[in-house]
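Tertiary structure, described
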Amino acid sequence: MLTVALPKGALLKDCIRLFQAAGLDFSAFLDSSNRQLQITDPTGVAQALLVRTHDVPVYVEYGQAQLGIAGYDVLQEKKPNVAQVRNLGFGFCRMSVAVKASSPYRSAMELPPHSRVASKFVHCARDYFDRLDLPVEIIPLYGSVELGPITGMSEAIVDLVSTGRTLKDNGLVELEVLYESTARLIAHPRSYRLNTDGLRDWIGRLDGAIAPH
Amino acid sequence: MIYQPPTGARDLLPIDVAQKRWIEHRLQDVFQCWSYHHIITPTLERLDTLMAGGAVRPETVIQVWDAEEGFLGLRPELTASIARAAATRMVGAIYPQRLYYMANIFRRQSSEQTHGQHEFYQAGVELLGAGSAAADAEIILMLADALTHVGLERWHLVLGDAGLTRSLLWDFPKPLRTKVRAAIARLDRVALETLPLEPVLRERALNLMDLRGEPLEVLQRVSQWTLDDYQRTAAQHLKSVVELLAGHPSVTLDLSLIQTFDYYTGLVFEVVSDSLSGQRVLGQGGRYDQLLGLYHPQAQTIPGIGFSLNVQDLQQVLLGSLPQHLPVSNCLVAADSIEAVAAAFRHAQQMRASEASVRVEVELELRSPSETRTYAQHRHIPQIAWVNAAGSVTIETVSLT
């Protein structure tokens, strides 16, 4: 049976709408009384797993789910061995470098060598500063990254920005955009090659539901 | 202090070995029936030898420094070693040469996957000096025979053609070619959609990424592309191979099946298990017509093709049908006194000599008769031979409940 890994959080509603348009109803995940992490579509042809955003590519890479939806940011950070089969267009955000508004630095290149950069996306941050050939110390955090510069622990942060509101409210300004991110439909490569569980037909059905972008 | 093996290494206890041997014996039977000969190459090779083909990256090799030899590496696969041995040591050999191996290989996993295993076991074959479609078919048919012989019922074969796919990639402008190739190898459609390609080339790249399915149908689709002579010949060769494999179910032709680094020049393939616990790659292989030339003193090349099976993956998939118990002793020989021990050893030796593959063990601790019986029962030994100092023997049947 087709198994789909869906991310908890901001993308979930759009993901469920997309699969509904392709004939699979996983809206039970949106019901606030639901505690189940694995559900079957009412027609019994597919099931869905509800997992943390960073775990979606893990389930897909290991083949426990043949399809999943993950942000490009997560794929860039984890570099999983999964097939990126479609850009879904929703979930738009950007990965940015930000500093305190009062900071003298106005571009990433101006940051002094060996300064500290706090981030949840340590690989993205490391890759970016390596490409700039600027040695920095990356401080891994799990959330509330904005506190890095506010408390003085780090000079800068690398974090996801969608509206820019959180940065502004915390007195930070965006210096650079590393990349822009949208949600991607990902597939288990071997299942995709072998067309396990009619995977390609399912992707075809989702195509009809993906909004042009 | 607790002594443990290094991360990624593991001990194979007797039952693991029994299961591994069960598989290897069956594979070896098949290889020998197809007239292949066993070859053993060194575990350590010079790093240059391992990397000459361009398919092995130095960071994946476990390296050993030797003051005289320089950098050596533990082999991460056997094909490079066999190509070296054939090109330099088998001068004047009559071709084709049919060779097989059963060996351990070592791979350093990247730091991201430190949990990964370092030592693996492979059983494989190399067919050197034959470049025909029949040679390709022999390798695939023998692979199918080997899998049937170990009792695997369901599996998929994914076929590709590294030479044809590489040649189809030549249409892309040079600066983008490696990116297109990498995107196709990773099945990254989104990357192909965003590369700065002309619409015609983008269409072609997207088509190439989805060039897979039932083999003859895929070849039919390819034949409608504008192909040059090399590509037409390659497609024709592939068609001949596919026709020779007729009747073997579950073959997918996938012309996007390429690696970002490899030495393959023609047919490439993967065997994937079809089990409920997920799909595992049980084996892989391909044709390498330029590899031997890299090792030959006059750069004279000889075509080659081979496959390797991942023994541990086979063991995982076959677990239910593998031996679950170690073989038991057929007889326990027990001396009735310390003076009778020499006679007990003589009798045990007579039993071993009189019958093929009989397992006889001698009771070493001079246990009492009742303790000896209990021991035999625990070990499921069906028979005790009591020996006295005079050398006379009394056979007792052990009641095994």
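Here we look at the overall build of chain A
Counting secondary structure elements, chain A contains eight helices and eleven strands. Each of the three principal axes of chain A carries a C-alpha extent, and together these read 60 × 35 × 30 Å. In chain A, which comprises 213 residues, the proportion classed as buried is 50%. Within chain A, counting contacts between residues at least 6 apart in sequence, those at least 24 apart form 65% of the total. If the 22 positive side-chain charges of chain A are averaged to one point and the 23 negative ones to another, these points end up 2 Å apart.

Overview of the environment of A:Asp159
Residue and element names in this part refer to chain A. Mapped onto the secondary structure, Asp159 falls in strand S9 (residues 156-161). Classification of Asp159 as buried rests on a relative accessible area of 9%. In sequence terms Asp159 and Gly143 are 16 residues apart; their C-alpha atoms lie 9.6 Å from each other. Asp159 has contacts with Arg94, Met95, Ser96, Lys120, Phe121, Val145 and Glu146, leaving out every residue within four places of it along the chain.

Remarks on the packing of helix H4 (residues 133-149) of chain B against helix H10 (residues 229-244) of chain B
All names here are of chain B. Relative orientation of the contacting elements H4 and H10 amounts to 40°, with a least axis distance of 9 Å. The angle between the axes of H4 and H10 places the two elements in the oblique class. Considering the relative orientation of H4 and H10, their crossing is right-handed. Between H4 and H10, the residues in contact are Ala133, Ala134, Asp136, Ala137 and Leu141 and His237, Ser240, Val241 and Leu244, respectively.

Considering the interface of chain B and chain A
If you look at the interface, chain B gives 23 residues, while chain A gives 19 residues. Interface of chain B and chain A: buried area, both sides summed, is about 1700 Å²; carbon and sulfur atoms make up 48% of it. On the chain B side of the contact with chain A, B:Leu187, B:Val190 and B:Gln279 bury the most area, a combined 35% of that side's loss. Here chain B is connected to chain A by two salt bridges. Among the ionic pairs, B:Asp254 bridges to A:Arg193, the shortest N-O distance being 2.7 Å. On the surface where chain B and chain A come into contact, there are nine residue pairs in polar contact (both at pLDDT 80 or more). Put simply, the parts of the chain that give the side of chain B that touches chain A at least two residues each are strand S7 (155-161), helix H6 (174-185), helix H7 (189-194), strand S9 (251-254) and strand S10 (267-273) of chain B. Among the residues forming the side of chain B that touches chain A, the class breakdown is nine nonpolar, six polar and eight charged.

Reading guide: rules and limits
- Residue numbers run consecutively from 1 along every chain, following the written order of its sequence.
- As they are written, the chains are lettered A onward and the ligands numbered 1 onward, keeping that order.
- Where local features are concerned, this predicted model is filtered to residues with pLDDT of at least 70; where side-chain atom pairs are given and counted, the filter is 80 or more; whole-chain, interface and lining totals use all residues.
- The basis for every side-chain value is the complete set of heavy atoms in the structure, and neither hydrogens nor water enter the calculation.
- Numbered from the N terminus, helices here are DSSP runs of H or I no shorter than four residues, and strands are runs of E no shorter than two.
- The buried label goes to any residue with under 20% of its type's maximum accessible area, the exposed label to any with over 50%, and the partly exposed label to all in between, with areas taken from a 1.4 Å probe on protein chains only.
- By definition, residues are in contact when any of their heavy atoms lie within 4.5 Å.
- When charges are counted, Lys and Arg are positive and Asp and Glu negative, with His and the chain ends excluded.
- Here the site of a charge means atom NZ of a Lys, CZ of an Arg, CG of an Asp or CD of a Glu.
- To get an axis, a line is fitted to the C-alpha atoms, and for a helix only the part in contact is used. The angle between two axes follows their N-to-C directions and goes from 0 to 180 degrees.
- Under this scheme an angle from 65 to 115 degrees is roughly perpendicular, one under 35 degrees roughly parallel, and one over 145 degrees roughly antiparallel; angles in between are oblique.
- Should the near helix be turned anticlockwise from the far one by less than a right angle, the crossing is termed left-handed; should it be turned clockwise, right-handed.
- Accessible surface is computed with a 1.4 Å probe, and the buried area is the amount of it that two parts give up when combined, taken over both parts together.
- When a carboxyl oxygen of Asp or Glu lies within 4 Å of a side-chain nitrogen of Lys or Arg, that pair is called a salt bridge.
- Side-chain atoms alone can form a polar contact between residues adjacent in sequence; in general such a contact is a pair of N or O atoms within 3.5 Å, and within protein one must be able to donate a hydrogen while the other accepts it.
- Three residue categories are used. Nonpolar comprises Ala, Val, Leu, Ile, Met, Phe, Trp, Tyr, Cys and Pro, charged comprises Asp, Glu, Lys and Arg, and polar comprises the others, including Gly.

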